[in-house]
Amino acid sequence: MKNMLTYALCAVALSLTLSLPTAASAAECYADYKAKKDSPLRLHYGVVALQNGCDKASAQQEVAARIGQDGWTLLNVLSVFDSSQLAGKEASAGQFYLRY
């Protein structure tokens, strides 16, 4: 009897574990931003896929670090959104669409 109960609990725990969402199946998150370079002044608008959180505060840190590797300075993160709002931003972002 005790073994059957243990088996049943293990089966329930296993099924619950398998039904939890994985990182790959989690909702995708994006941010659009404005950045600049000096001497000469250059500006760009870009869209980036976020990996470390889906809020403006974490997006600012992540985007600044990524674009900073190429000498860009983050001016601001305009918005954070999911893939349903991604359509139509490619034309505006041009070469900076999902570049970083």
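So, a few notes on the structure that sits alongside this text. (Residues numbered from 1 in each chain as written. Predicted model: local features only at pLDDT ≥ 70, side-chain atom pairs only at ≥ 80, totals over all residues. Heavy atoms only, no water.)

Description of the overall build of the protein chain
A count of helices and strands for the protein chain gives three helices and three strands. Ordered by position from N to C terminus, the α and β elements of the protein chain give α-β-β-α-β-α. Looking at the protein chain residue by residue over its 100 residues, the buried ones come to 28%. The long-range fraction of contacts in the protein chain, counting pairs at least 24 apart against all pairs at least 6 apart in sequence, stands at 61%. When the accessible surface of the protein chain is summed, it comes to about 6,900 Å², and 58% of that surface belongs to carbon and sulfur atoms. (Helix = DSSP H or I, 4+ residues; strand = E, 2+ residues; numbered from the N terminus. Buried < 20%, exposed > 50% of the residue type's maximum accessible area, 1.4 Å probe, protein only. Contact = heavy atoms within 4.5 Å. Areas by Shrake-Rupley, 256 points an atom, 1.4 Å probe, with all protein chains shown as cover.)

Describing the environment of Thr-73
Within the secondary structure, Thr-73 is located in strand β3 (residues 73-82). Judged by relative accessible area, which is 41%, Thr-73 ranks as partly exposed. C-alpha of Thr-73 to C-alpha of Lys-36: the two residues are 37 residues apart in sequence and 5.3 Å apart in space. When near neighbours in sequence (up to four residues on either side) are disregarded, Thr-73 contacts Lys-34, Ala-35, Lys-36 and Ile-67.

Topic: the pairing of strand β2 (residues 42-49)
In this sheet, β2 lies alongside strand β1 (residues 29-37) in antiparallel orientation, the contact comprising eight bridges. Bridging from a neighbouring strand, Tyr-30 pairs with Ala-49 of β2. Remark: four residues form the turn of the hairpin made by β1 and β2, two consecutive strands paired antiparallel; Ser-39 in that turn has positive phi of roughly 55 degrees. (Pairing = 2+ DSSP bridges.)

Points about the packing of aromatic side chains
In this structure the tally under the stated criterion is two aromatic pairs. Ring geometry for Tyr-30 against Phe-81: centres 6.1 Å apart, planes inclined by 20 degrees, an arrangement best described as stacked. Residue Tyr-30 is found in strand β1, and its partner Phe-81 is found in strand β3; the two are separated by 51 residues along the sequence. Given a relative accessible area of 4%, Phe-81 falls into the buried group. When the centroid spacing of 5.6 Å and the interplanar angle of 80 degrees are considered together, the rings of Trp-72 and Phe-96 count as edge-to-face. Separated by 24 residues along the polypeptide, Trp-72 in the loop between α2 (56-68) and β3 and Phe-96 in the segment after α3 (89-93) bring together distant segments of the chain. According to the relative accessible area criterion, Trp-72 is buried, its value standing at 11%. For Lys-89, the ring lying beneath its charged end belongs to Phe-81, and the centroid distance is 4.7 Å. (Phe/Tyr/Trp six-rings, centres within 6.5 Å; stacked < 30°, edge-to-face > 60°. Lys NZ or Arg CZ within 6 Å of the ring centre and 35° of its normal.)

Let's talk about the state of the cysteines
Under the criterion given, the structure shown has one disulfide. Covalently, Cys-29 is tied to Cys-54 through a disulfide, its sulfur atoms 1.9 Å apart. Taking the torsion about the S-S bond as the criterion, the Cys-29 to Cys-54 disulfide, at about 85 degrees, is right-handed. Highlighted residues: Cys-29 in strand β1 and Cys-54 in the loop between β2 and α2, separated in sequence by 25 residues. (Disulfide = S-S within 2.5 Å.)

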